[in-house]
Protein chains: 2
Amino acid sequence: MKYCNLCGSTVRFEIPSGDNRPRHICNHCGEIHYSNPKIIAGCLPVYEDKVLLCKRDIEPRIGFWTLPAGYMENSESTRDAACRETLEEANARVSNLQLYTLTSIVPVSQVQMLYLAQLDDLNFSAGDETTDVQLFSEADIPWDDLAFQTIKNALTFYFHDRKTGHFPLHHVDLTIPAGQYVEKP
Amino acid sequence: MKYCNLCGSTVRFEIPSGDNRPRHICNHCGEIHYSNPKIIAGCLPVYEDKVLLCKRDIEPRIGFWTLPAGYMENSESTRDAACRETLEEANARVSNLQLYTLTSIVPVSQVQMLYLAQLDDLNFSAGDETTDVQLFSEADIPWDDLAFQTIKNALTFYFHDRKTGHFPLHHVDLTIPAGQYVEKP
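Chemist: Would you mind going over the overall build of chain A with me for this structure?
Modeler: A count of helices and strands for chain A gives two helices and eleven strands. Helices and strands in chain A line up, N terminus first, as β-β-β-β-β-β-β-α-β-β-β-α-β. Projecting the C-alpha coordinates of chain A onto the three principal axes gives extents of approximately 60 × 30 × 30 Å. Within the span of chain A, comprising 185 residues, buried residues form 36% of the whole. Long-range pairs, those at least 24 residues apart, make up 62% of the contacts in chain A between residues at least 6 apart in sequence.

Chemist: Would you mind showing me how to read the sheet that holds strand E1 (residues 11-14) of chain A here?
Modeler: Two modes of strand pairing occur in sheets, parallel and antiparallel, and in both the strands are linked by backbone hydrogen bonds. Residue and element names in this part refer to chain A. With antiparallel pairing, the three strands of this open sheet are ordered in space as E1-E2-E3. Of all the strands in the sheet, the pair left with one neighbour each is E1 and strand E3 (32-33). Sheet analysis places strand E2 (residues 23-26) next to E3, joined by two bridges and oriented antiparallel. Considered in E3, the bridge of Ile25 is made with Ile32.

Chemist: Sorry if this is basic, but what is going on with the relation of the copies chain A and chain B here?
Modeler: A rotation about an axis combined with a shift along that same axis relates the two copies of the chain. When chain A is brought onto chain B, the operation consists of a screw motion whose angular component is 180° and whose axial shift is 0.0 Å, with 0.0 Å RMSD remaining. Both copies are brought into coincidence by an operation consistent with a two-fold rotation axis. A share of 97% of interface residues in chain A that are also interface residues in chain B marks the association as one of identical surfaces.

Chemist: Teacher, can you tell me more about the sheet that holds strand E1 (residues 11-14) of chain B here?
Modeler: Residue and element names in this part refer to chain B. The strand order E1-E2-E3 describes an open sheet built from three strands, whose pairing is antiparallel. Whereas interior strands pair on both sides, the edge strands pair on one side only; in this sheet they are E1 and strand E3 (32-33). In this structure, E1 lies alongside strand E2 (residues 23-26), joined through four bridges in antiparallel fashion. Looking across to E2, one finds that Phe13 is bridged to His24.

Chemist: Explain the domain arrangement of chain A to me, please; I cannot follow it from the model alone.
Modeler: The figure often quoted for interface size is the accessible area lost as the parts come together. Each domain of chain A was delimited in the assignment, giving domain 1 (1-35) and domain 2 (38-174). Here the C-alpha centre of domain 2 of chain A lies 36 Å away from the C-alpha centre of domain 1 of chain A.

Chemist: Any chance you could explain the nonpolar core here in plain terms?
Modeler: Most often, soluble globular proteins keep nonpolar side chains buried together rather than apart. Among the nonpolar cores identified, the biggest contains 82 residues, and Leu44(A), Tyr115(A), Leu44(B) and Tyr115(B) are the most heavily contacted of them. Ignoring anything within four residues of it in the chain, the contact list for Tyr115(A) reads Cys43(A), Arg79(A), Ala82(A), Leu97(A), Gln98(A), Leu99(A) and Tyr100(A). Within the second largest apolar cluster, six residues are counted, among which are Tyr3(A), Tyr3(B), Cys4(B) and Val11(B).

How each quantity is defined
- Residues numbered from 1 in each chain as written.
- Chains lettered and ligands numbered in written order.
- Predicted model: local features only at pLDDT ≥ 70, side-chain atom pairs only at ≥ 80, totals over all residues.
- Helix = DSSP H or I, 4+ residues; strand = E, 2+ residues; numbered from the N terminus.
- Buried ≥ 20, exposed ≤ 12 C-beta atoms within 10 Å, placed from the backbone.
- Contact = placed C-beta atoms within 7 Å.
- Pairing = 2+ DSSP bridges.
- Least-squares fit on C-alpha atoms with pLDDT ≥ 70 in both.
- Domains from an automatic or database assignment.
- Core = buried A, V, L, I, M, F, W, Y, C linked by C-beta atoms within 7 Å.

This is the structure:
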């Protein structure tokens with residue numbers, strides 16, 4: 001950030017009075033510009049013994065498999081965001097959402113919430129940011145071609161928990177530097 | 001937002017190509033500026049049969065009682081944010097955090113996460129944004145002087161759940177317009 005988005009003047013980066021960390025402060029109007037973590041919301045859609053995965057058509061990790069998820073927008077709930085992303089990326093409808101993973105991805109200032117959900121029907125298809133959508137049984141999960149550590153975690157939790165029928169919230173903090181927690185194929 | 005914070009040029013507000021909702025787009029460099037929900041993280045600190053509340057010294061709702069909570073910062077986890085806010089507002093140390101309420105406050109694009117936590121000791125005091133910090137038993141909770149509906153909800157859930165000893169995650173979406181879900185004293 002170099003300019004104030006309210007008045008167009010230059011900004012400085014320093015600790016405001018009464019604060020304890022540096023912010024971008026406008027040199028003209030004095031506005032303090034805060035930057036905060038973003039929320040990624042998505043679903044782990046389940047249909048009988050299978051889970052739905054999407055093949056990414058966008059960077060990062062283009063060509064790798066992921067769960068339908070994306071940035072939460074203003075004026076929606078986390079559940080609505082998870083359903084919307086599932087609809088946009090996989091043209092899929094889900095219900096019975098239950099918060100399943102909550103991951104702080106500290107190095108990139110993101111908080112990811114994945115909901116365990118029931119896939120309502122088989123009428124799904126690739127959305128704009130996706131080249132392929134498929135249902136996978138546990139034996140067929142493309143473990144080496146998953147896009148992100150958080151996705152690998154969620155699937156690992158799911159197939160483990162399914163043995164007991166108990167699906168508690170998995171609350172994970174990822175603190176290692178960005179990139180290093182991405183599984184290399 | 002009137003100006004691009006990267007190049008200082010004016011922005012327009014329209015739907016970018018390939019998107020489905022309007023964003024601020026720079027007229028010069030083309031940067032798309034996204035706005036996303038912010039996370040509020042905090043604690044419901046418990047000590048024996050009492051809970052810790054803070055009297056607000058800042059707007060909104062100055063003079064009303066709340067739980068220690070505030071905006072999550074970049075480069076921290078949700079749990080770290082909850083502990084930091086509890087330390088900043090009440091000079092209090094907590095442990096054994098368990099996610100207890102997750103509330104999408106849709107009209108103001110906030111997601112609030114409150115953790116049930118054990119107050120470690122009685123060495124607490126008012127922080128910079130607080131005029132008073134006290135422990136309250138259930139009979140003494142100032143229900144008519146609580147700052148926000150989310151705080152009233154969390155305390156209501158807590159005293160209800162305490163009867164059973166079972167403290168599940170309470171996942172709430174508040175969708176009524178801002179202001180209307182603030183309890184009037």
